[in-house]
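# Observations on chain architecture
So the chains spell out like this:
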Amino acid sequence: MRSISLRVAVLRASAQQAQFVFVFVCYYVIYEVLLCPSNMDRVLISVKLIQSQKLSKCAENATVMTVHINPSQNGGELRSEVARLSGQSPADIRLVFAGKLIDDVQIMEDLRICENTMIHAVPAQRIQCHSDGPKTIKDEGVKPQPVHVLMESRIIDEDQRSPETPDVDLASSLHPSFYVYCKSHCRSVQPGKLRVCCQTCKDNAFIVKEDPVCWDDVILSNRISGSCLVPGCQGQKAEFFFKCSSHASSVNDQFTVLPLVKTNTRRVICITCADILTSVLVFPCSASHVMCLDCFRQYCRLCLDERRFIQSPELGYTLPCPAGCEDSLIKDTHHFLVLGKEQYARYKRFGTEEYLLSEGGVLCPSPGCGAGILPESDGESRVECLQEEGFGCGFVFCRNCHEAYHEGECGQRIEEPHGQRGSGSEVDMERERRARWESEESKRTIGETSKPCPNCKVPVERNGGCMHMICSRTQCKYEWCWICGIEWNMGCLEDHWFGAGFLL
Amino acid sequence: MANIAAGRIQRELREVMNSDEAIKNQIKIEFPIDDYSELQGEIIGPPETPYQGGRFKLHIKVPETYPFNPPQVKFVTKIWHPNISSVTGAICLDILKDQWAAAMTLRTVLLSLQALLADAEPDDPQDAVVAKQYKDDHDEYIRTAKHWTTVYAGGNTKNQELEQKVKQIVEMGFEETCAREALSSSCWDVAKAIENLMS
């Protein structure tokens with residue numbers, strides 16, 4: 001009986017309509033409970049009624065009502081039902097969904113109208129006046145275009161544009177779909193819906209003049225025109241947006257479209273796990289390598305842990321295709337939202353750090369600080385981590401060796417005055433040593449087995465092989481000589497490639 | 001992560017076992033039941049190389065982060081090759097380091113190693129002694145590599161002269177392996193080898 005209570009709630013119980021409502025309730029009790037046993041198949045959709053200007057002066061007065069539909073129902077039947085519920089004649093209204101008029105013969109299921117879908121009922125005269133106008137819809141403007149065109153993942157990259165979608169495997173039940181990262185509700189990658197509204201008044205009662213055919217049509221503004229059906233609005237530009245298909249959305253919900261995530265209609269195996277999964281990420285390489293979302297998440301996580309992301313001046317902190325393809329960097333870094341909230345925050349921090357380093361900045365080496373500092377480019381080796389607005393720790397360090405600031409050459413050991421500050425307190429020296437995050441032994445081991453990269457100062461361990469070192473940091477990759485501590489050169493190659501005393 | 005690695009390795013083991021090369025007995029992989037992290041590989045020496053007729057065992061360690069990181073491979077069978085350490089069996093091959101890509105598999109690794117045996121890269125060596133010999137005295141390199149293949153990998157080109165020299169040093173009280181390594185590094189000059197062993 002849930003459906004009936006809902007329906008009663010949305011009908012405006014004004015005095016004039018009370019009797020009308022009662023008749024409807026009786027009608028539906030008889031129809032749904034007694035005559036329609038297959039109530040389970042029905043889905044609940046919302047219909048927003050846009051009143052004609054005579055009845056209401058602004059769109060805010062529009063009424064939203066909920067309607068139960070049968071997925072096999074056609075557009076004409078829905079129109080009649082909406083007309084009945086709103087007390088209008090079916091001839092006076094037209095239904096608009098996802099930027100298109102719904103044709104009377106179109107079946108709800110084919111339009112992917114499902115639970116929680118919102119459609120718009122607009123006055124027929126409004127459509128008429130727009131179709132008469134020379135600048136809006138063409139002569140055949142009233143003739144409905146198939147709505148599904150806009151809903152399916154027909155938007156393909158410019159370079160892969162093909163006339164039809166031959167990749168749809170008819171034998172499978174896979175529908176091509178957009179994918180969004182649902183930030184506020186699901187916190188995961190979900191099938192998404194492409195929707196359109198008027199750029200001027202943001203209302204969804206808008207019909208487009210032509211379909212978007214590429215991502216730019218959808219993402220950039222002013223590419224697709226159409227007409228707004230809200231009385232008083234002269235909007236002619238479409239604004240596209242995405243919603244999560246998994247739940248009814250509210251105004252505050254945030255969805256980010258992930259253009260590289262696609263439905264695996266071609267049933268391609270994942271490059272990593274070799275399974276065939278429904279939702280996959282297609283890398284922007286010439287081979288269009290496919291990776292399932294689970295493997296992609298793990299790939300991102302691993303590359304984050306190992307600092308293997310690449311700082312690209314144009315694209316930001318990003319990853320290439322794991323098959324090592326050229327020109328395969330992911331352009332839209334929102335795809336890394338799949339890392340989840342916590343790891344995505346880490347991703348953003350690392351990205352910021354790498355950007356800072358690439359701009360000549362330094363990170364405060366004090367444990368637990370790590371504040372980013374952009375020192376003056378005057379070659380001054382003294383850097384102070386200024387304490388300002390909750391940032392910084394006050395540590396003063398040497399820009400070259402990242403140790404506490406010192407006069408003269410780097411590399412001369414400075415005894416830290418731990419436990420000897422002031423005169424009043426006694427510190428158990430042994431306990432103090434053991435309580436240090438990095439023990440003297442581990443520091444000594446690092447000092448003995450590693451040397452700082454001459455370029456980025458990161459300690460690098462040599463565990464065998466020749467003296468030709470390549471810094472393992474993705475952003476650095478500096479080639480240097482283990483013996484000389486300078487850039488690798490022909491002299492090193494000839495003199496001590498495999499160590500002092502061995503000539504090749 | 002481990003699940004991805006284990007699933008991938010199982011598929012790749014099947015791929016190796018069903019490959020043409022495995023059917024022709026050119027490559028082989030063995031693994032303990034339920035543990036895919038440590039594998040034993042085997043490749044045959046390519047024809048018309050000093051390694052012909054030898055079977056070379058490999059130790060393959062699959063990291064937890066496979067296939068995003070390469071497997072760690074080293075030769076268990078001792079081998080004389082510029083890109084493989086004659087002491088540790090460590091391999092210098094770009095695809096096992098920074099040129100690794102997730103699309104590569106155990107089968108492609110084994111085939112790449114076979115290709116490396118057929119076509120050494122002396123300008124990017126792992127074993128500097130072998131590389132120097134390879135470049136300066138190629139005939140000596142071939143003689144030594146053939147000898148090692150016969151002694152360690154079951155090859156069938158016996159060289160009495162070299163065996164005799166090894167025996168000569170062993171009789172002085174040195175280990176056979178050390179004697180052979182010293183002789184190989186000294187272009188089979190017995191006096192020089194002894195000098196190296198004594199220093």
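Computed from a predicted structure; not experimentally measured.

Reading guide: rules and limits
- Residues numbered from 1 in each chain as written.
- Chains lettered and ligands numbered in written order.
- Predicted model: local features only at pLDDT ≥ 70, side-chain atom pairs only at ≥ 80, totals over all residues.
- Heavy atoms only, no water.
- Helix = DSSP H or I, 4+ residues; strand = E, 2+ residues; numbered from the N terminus.
- Contact = heavy atoms within 4.5 Å.
- Areas by Shrake-Rupley, 256 points an atom, 1.4 Å probe, with all protein chains shown as cover.
- UniProt positions renumbered as here; feature names shortened; annotations may be inferred.
- Pairing = 2+ DSSP bridges.
- Axes fitted to C-alpha atoms, helices over the stretch in contact; angles between N-to-C directions.
- Salt bridge = Lys/Arg side-chain N within 4 Å of Asp/Glu carboxyl O.
- Buried < 20%, exposed > 50% of the residue type's maximum accessible area, 1.4 Å probe, protein only.
- Buried area = accessible area lost by both parts, 1.4 Å probe.
- Polar contact = N/O pair within 3.5 Å; in protein donor to acceptor, adjacent residues only side chain to side chain.
- Expected span 1.5 Å × (residues − 1).
- Core = buried A, V, L, I, M, F, W, Y, C linked by side-chain atoms within 4.5 Å.
- Phe/Tyr/Trp six-rings, centres within 6.5 Å; stacked < 30°, edge-to-face > 60°.
- Lys NZ or Arg CZ within 6 Å of the ring centre and 35° of its normal.
- Parallel < 35°, antiparallel > 145°, perpendicular 65-115°, else oblique.
- Nonpolar A, V, L, I, M, F, W, Y, C, P; charged D, E, K, R; others polar.

Moving on, we come to the overall build of chain A. Each helix and strand in chain A was counted, giving 11 helices and 24 strands. Partitioning the intrachain contacts of chain A with sequence separation of at least 6 by distance along the chain shows that 53% fall at a separation of at least 24. A total accessible area of about 28,000 Å² is found for chain A, and carbon and sulfur atoms account for 51% of it.

For the rest of this paragraph, the subject is the UniProt feature "domain: UBC core" (unreviewed entry) in chain B. With numbering matched to this structure, UniProt assigns "domain: UBC core" (unreviewed entry) to residues 4-154 of chain B. Here residues 4-154 of chain B is 37% helix and 15% strand, with 37 Å between the C-alpha atoms at its ends.

All names here are of chain B. Spatially, the four strands line up as an open sheet ordered E1-E2-E3-E4, and their pairing is antiparallel. With partners counted over all chains shown, the strands left at the sheet margins are strand E1 (27-30) and strand E4 (72-75), one partner each. Taking the axes of each pair of neighbouring strands and ignoring which way they run, one obtains an average angle of 25° across the sheet. Relative to E4, strand E3 (residues 55-61) runs antiparallel, the two being bridged by four bridges. Across the sheet, the residue bridging to His59 is Lys74, located in E4. Against the sheet, helix H3 (residues 106-118) engages E1, strand E2 (38-44), E3 and E4, with an angle of about 130° to E1.

Residue and element names in this part refer to chain B. Taken as a whole and assessed by the stated rule, the structure comprises 27 salt bridges over all chains. Here Glu30 and Lys28 are joined by a salt bridge, their closest N and O atoms 3.7 Å apart. Residue classification places Glu30 among the partly exposed positions, given a relative accessible area of 45%. Look at Lys28 and you get partly exposed, because its relative accessible area is 31%. Across the pair Lys78 and Glu181 runs a salt bridge whose closest N-O atoms are separated by 2.8 Å.

Bringing the interface of chain A and chain B into the picture now. Contact residues are listed per partner, giving 21 residues for chain A and 18 residues for chain B. For the pair chain A and chain B, the summed buried surface comes to about 1,700 Å²; carbon and sulfur atoms form 65% of the total. Between chain A and chain B we count one salt bridge in total. Across the salt bridge formed by Asp275 of chain A and Arg11 of chain B, the nearest N and O atoms sit 2.3 Å from each other. One can count nine residue pairs in polar contact (both at pLDDT 80 or more) joining chain A with chain B. Top element by residues in the side of chain A that touches chain B is helix H7 (residues 293-305) of chain A. It accounts for four residues.

This brings us to H7 of chain A. Residue and element names in this part refer to chain A. Helix length check: H7 (13 residues) gives 18 Å between terminal C-alpha atoms against 18 Å at 1.5 Å per residue, within 8%. Within the span of H7, buried status applies to Leu293, Cys295, Phe296, Tyr299, Cys300, Leu302, Cys303 and Leu304. With its phi angle positive at about 50°, Arg307 sits one or two positions after the end of H7.

Our focus in this paragraph is the sheet that holds strand E2 (residues 63-69) of chain A. Residue and element names in this part refer to chain A. Reading across from one edge, E2-E1-E5-E3-E4 is the order of the five strands in this open sheet, with mixed pairing throughout. At either margin of the open sheet sits one strand with a lone partner, and together these are E2 and strand E4 (100-101). Examined bridge by bridge, strand E3 (residues 93-97) and E4 share two bridges and lie antiparallel to one another. Looking at the pairing, Phe97 lines up with Lys100 of E4.

Turning our eyes to something else, we now look at the UniProt feature "active site" (unreviewed entry) in chain A. Residue and element names in this part refer to chain A. What UniProt calls "active site" (unreviewed entry) maps, in this numbering, to Cys466. Counting through the fold element by element, Cys466 comes out in the loop between strand E22 (459-461) and strand E23 (468-470). Exposure remark for Cys466: the relative accessible area of 18% places this residue in the buried category.

Moving on, we get to the nonpolar core. Grouped together as the largest cluster of nonpolar side chains are 38 residues, with contacts concentrated most on Ile43, Phe75, Ile91, Leu106 and Leu113 of chain B. Counting only elements with at least two residues in this core, the list comes to helix H1 (2-17), E1, E2, E3, E4, H3, helix H4 (128-136) and helix H5 (138-153) of chain B. Apart from the residues lying within four places of it in its own chain, the contact partners of Leu106 of chain B are Ile9, Glu12, Leu13, Val16, Ile29, Leu39, Ile60 and Tyr66 of chain B. Membership of the second largest hydrophobic core comes to 37 residues, among which are Tyr181, Met291, Leu304 and Leu339 of chain A.

Moving on, we get to the packing of aromatic side chains. The final tally for this structure, using the stated rule, is 20 aromatic pairs over all chains. Geometrically, the ring pair formed by Phe178 of chain A and Phe242 of chain A is edge-to-face, given 5.3 Å between the ring centres and 70° between the ring planes. With Phe178 of chain A in strand E6 (residues 178-182) and Phe242 of chain A in strand E10 (residues 238-244), this residue pair connects regions lying 64 residues apart in the sequence. A relative accessible area of 1% means that Phe178 of chain A is categorised as buried. Site record: aromatic cluster; members linked through ring pairs are Phe283, Phe296, Tyr299, Phe309, Tyr317, Phe336, Tyr344 and Tyr347 of chain A together with Phe68 of chain B. The cationic tip of Arg307 of chain A hangs over the ring face of Phe350 of chain A; the distance from NZ or CZ to the ring centre is 3.9 Å. Here the guanidinium or amino end of Arg382 of chain A rests over the ring plane of Tyr405 of chain A, the centre of that ring lying 6.0 Å away.

Moving on, we come to the packing of H5 of chain B against helix H6 (residues 160-170) of chain B. All names here are of chain B. Between H5 and H6, whose axes approach to 11 Å, the crossing angle comes to 75°. Classified by the interaxial angle, the pair formed by H5 and H6 is roughly perpendicular. Side by side, H5 and H6 meet where Arg143, His147 and Val151 of the first sit next to Glu161, Leu162, Glu163 and Val166 of the second. Counted by class, the contact of H5 with H6 contains three nonpolar, one polar and three charged residues.

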